[in-house]
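# Architecture and fold: a report
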Amino acid sequence: NLKSPPSNEEDDPRNSSAAQSIVLKISNHRFAPEYTHQCFDNEWIPGYQPYHLNDNYHESHNYHSGCNFELEVEITFSPSCDICSVEINTRRKRESMVDTRNPKKLRE
């Protein structure tokens, strides 16, 4: 079953918790995956929140209050894309502040 596209800007898949945890690199370009819902239910990786959150709220950020760890995954592809390396970094969750503009959103 295919999910319907986001109904508003807040649900932009590039802002999901999972998308912000993963960085794809090829040559000198860095980007986040867009369709993480195909790999991760609710677009988040259970138990983890991203190392770095952008300023755009996404529904998947509601799960961050129950996370104990932060995650950063960097996948680097060779120019031909036939080889890749994967670096996974985790750390204990840092003390977060509540975003006063949106109390549901946690900030770094």
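Everything discussed here concerns the structure shown above.
Cut-off values and rules
- Residues numbered from 1 in each chain as written.
- Predicted model: local features only at pLDDT ≥ 70, side-chain atom pairs only at ≥ 80, totals over all residues.
- Heavy atoms only, no water.
- Core = buried A, V, L, I, M, F, W, Y, C linked by side-chain atoms within 4.5 Å.
- Buried < 20%, exposed > 50% of the residue type's maximum accessible area, 1.4 Å probe, protein only.
- Helix = DSSP H or I, 4+ residues; strand = E, 2+ residues; numbered from the N terminus.
- Salt bridge = Lys/Arg side-chain N within 4 Å of Asp/Glu carboxyl O.
- Pairing = 2+ DSSP bridges.

Moving on to the nonpolar core. In this structure, Ala18, Ile22, Leu24, Ile45, Leu71, Val73 and Ile75 together form the largest nonpolar core, which totals seven residues. Those elements that place two or more of their residues in this core are strand 1 (22–26) and strand 4 (69–77). Residue contributions to this core peak at three residues, all from strand 4.

In the structure shown here, the tally under the stated rule is five salt bridges. Between Glu74 and Lys25 there is a salt bridge; the shortest N-O distance is 3.4 Å. Taken together, the residues span a long stretch of sequence, with Glu74 in strand 4 and Lys25 in strand 1 at a distance of 49 residues. Assessed through its relative accessible area of 22%, Lys25 is described here as partly exposed. The network of salt bridges with shared partners includes Lys25, Arg30 and Glu74.

Where strand 1 meets strand 4, five bridges bridge the pair, whose relative direction is parallel. Paired with Leu24 across the strands is Ile75, a residue of strand 4. As consecutive antiparallel partners, strand 1 and strand 2 (residues 29–31) are separated by two residues, and within that stretch Ser27 has a phi angle of approximately 55 degrees, a positive value.

Function cannot be read off these values alone, since they describe shape.
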